[in-house]
Amino acid sequence: MRNPIAFNFQLAVWLSILGGIATLVAPDLIFPDDIRDPLHNIFLIIIGYLVVGQLGLWACRYSRGSRSEALVMAYTFLATAVGAKFFAMRNDLPLADGFIVALLYLGGSHALYYFAAPGKTETSPISDPGTRGREPKT
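Thresholds applied
- Residues numbered from 1 in each chain as written.
- Predicted model: local features only at pLDDT ≥ 70, side-chain atom pairs only at ≥ 80, totals over all residues.
- Heavy atoms only, no water.
- Helix = DSSP H or I, 4+ residues; strand = E, 2+ residues; numbered from the N terminus.
- Buried < 20%, exposed > 50% of the residue type's maximum accessible area, 1.4 Å probe, protein only.
- Contact = heavy atoms within 4.5 Å.
- Areas by Shrake-Rupley, 256 points an atom, 1.4 Å probe, with all protein chains shown as cover.
- Axes fitted to C-alpha atoms, helices over the stretch in contact; angles between N-to-C directions.
- Left-handed = near helix turned anticlockwise from the far one by under 90°.
- Nonpolar A, V, L, I, M, F, W, Y, C, P; charged D, E, K, R; others polar.
- Core = buried A, V, L, I, M, F, W, Y, C linked by side-chain atoms within 4.5 Å.
- Phe/Tyr/Trp six-rings, centres within 6.5 Å; stacked < 30°, edge-to-face > 60°.
- Parallel < 35°, antiparallel > 145°, perpendicular 65-115°, else oblique.

**Q** Explanation requested: the overall build of the protein chain in the structure shown.
**A** Broken down by element type, the protein chain carries four helices and zero strands. Put simply, the protein chain runs from its N terminus to its C terminus through helices and strands in the order α-α-α-α. Burial statistics for the protein chain: of 138 residues in total, 33% are counted as buried. Put simply, 72% of the contacts in the protein chain that link residues at least 6 apart link residues at least 24 apart. Total accessible area on the protein chain stands at roughly 8900 Å², and carbon and sulfur atoms take up 66% of it.

Encoded structure:
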């Protein structure tokens with residue numbers, strides 16, 4: 001294991017994808033009770049969007065070593081954890097504590113990867129479009 005931060009990040013990405021799919025198949029993973037109503041469906045829709053987003057980012061950016069999108073996903077996971085806890089308390093929904101812990105782990109892993117992973121720094125083609133695909137002029 002050459003880079004434990006990158007390994008943890010890849011583990012977090014795959015846990016979010018596979019965990020999200022498992023939750024969509026078996027919603028009782030996050031809802032301990034058998035109560036089904038439209039509020040439960042909101043959580044499942046959010047989880048579906050997170051899974052699709054992670055799959056897209058993994059296929060297009062993470063597999064190429066990009067780190068900038070990891071910060072956006074870190075914020076998304078952390079905001080979802082806080083929002084889900086608040087939403088569940090406000091609407092008296094039973095929500096598994098493991099779901100919130102998992103979201104916090106995923107957000108923390110993405111943030112750690114963005115801020116601490118060694119590797120090349122990215123330059124945005126928007127900030128310097130003249131250097132895309134070739135060496136900059138000196």
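**Q** Sorry if this is basic, but what is going on with the packing of helix H1 (residues 4–25) against helix H2 (residues 38–60) here?
**A** Angle between the axes and distance between the axes: these two values describe a pair of packed helices. Where H1 meets H2, the closest approach of the two axes is 9 Å, and the angle between their N-to-C directions is 145°. Relative to H2, the crossing made by H1 is left-handed. Residues Gln10, Val13, Trp14, Ser16, Ile17, Gly20, Ile21, Thr23 and Leu24 of H1 form the contact with H2, whose own contacting residues are Leu44, Ile47, Gly48, Val51, Gln54, Leu55 and Trp58. For the contact of H1 with H2, the per-class residue count stands at ten nonpolar, six polar and no charged.

**Q** What is the right way to look at the environment of Met73 in this model?
**A** Tracing the chain through its elements places Met73 in helix H3 (residues 68–90). Ignoring anything within four residues of it in the chain, the contact list for Met73 reads Leu50, Gln54, Leu57, Tyr62 and His110.

**Q** I tried to follow the nonpolar core on my own but got confused; where do I start?
**A** The biggest cluster of nonpolar side chains holds 27 residues, and the ones touching the most others in it are Ile30, Phe43, Tyr62, Leu95 and Phe99. Within the residue set of this core, elements represented by two or more residues are H1, H2, H3 and helix H4 (97–116). The residues touching Phe99, leaving out its near neighbours within four places in the chain, are Ile30, Phe43, Ile47 and Ala84.

**Q** Looking at this structure, I do not really get the packing of aromatic side chains. What am I missing?
**A** Two aromatic rings, taken as a pair, are described by how far apart their centres are and by the angle between their planes. For the structure shown, the criterion picks out five aromatic pairs. With a centroid separation of 3.9 Å and 5° between ring planes, the pair formed by Phe9 and Tyr113 is classed as stacked. Pair noted here: Phe9 is in helix H1 and Tyr113 is in helix H4, with a separation of 104 residues, a long-range link. Seen in terms of ring centroids, Phe43 and Phe87 are 5.6 Å apart; in terms of plane orientation they differ by 70°. Their pairing is edge-to-face. Here Phe43, found in helix H2, pairs with Phe87, found in helix H3; they are 44 residues apart in sequence, far enough to count as distant. The class for Phe87 is partly exposed, based on a relative accessible area of 26%. Ring-pair connections join several aromatic residues into one group, and the members of that group are Phe43, Phe87 and Phe99.

**Q** It is not clear to me how the packing of H2 against H3 should be interpreted in this structure. Could you clarify?
**A** At their nearest, the axes of H2 and H3 sit 12 Å apart, and the two run at 170° to each other. By the angle between their directions, the pair H2 and H3 is classed as roughly antiparallel. Listed contacts from H3 to Leu39, Ile42, Phe43, Ile46, Leu50, Gln54 and Leu57 of H2 are Glu69, Met73, Thr76, Phe77, Thr80, Ala84 and Phe87. Considering only residue class, the contact of H2 with H3 consists of ten nonpolar, three polar and one charged.

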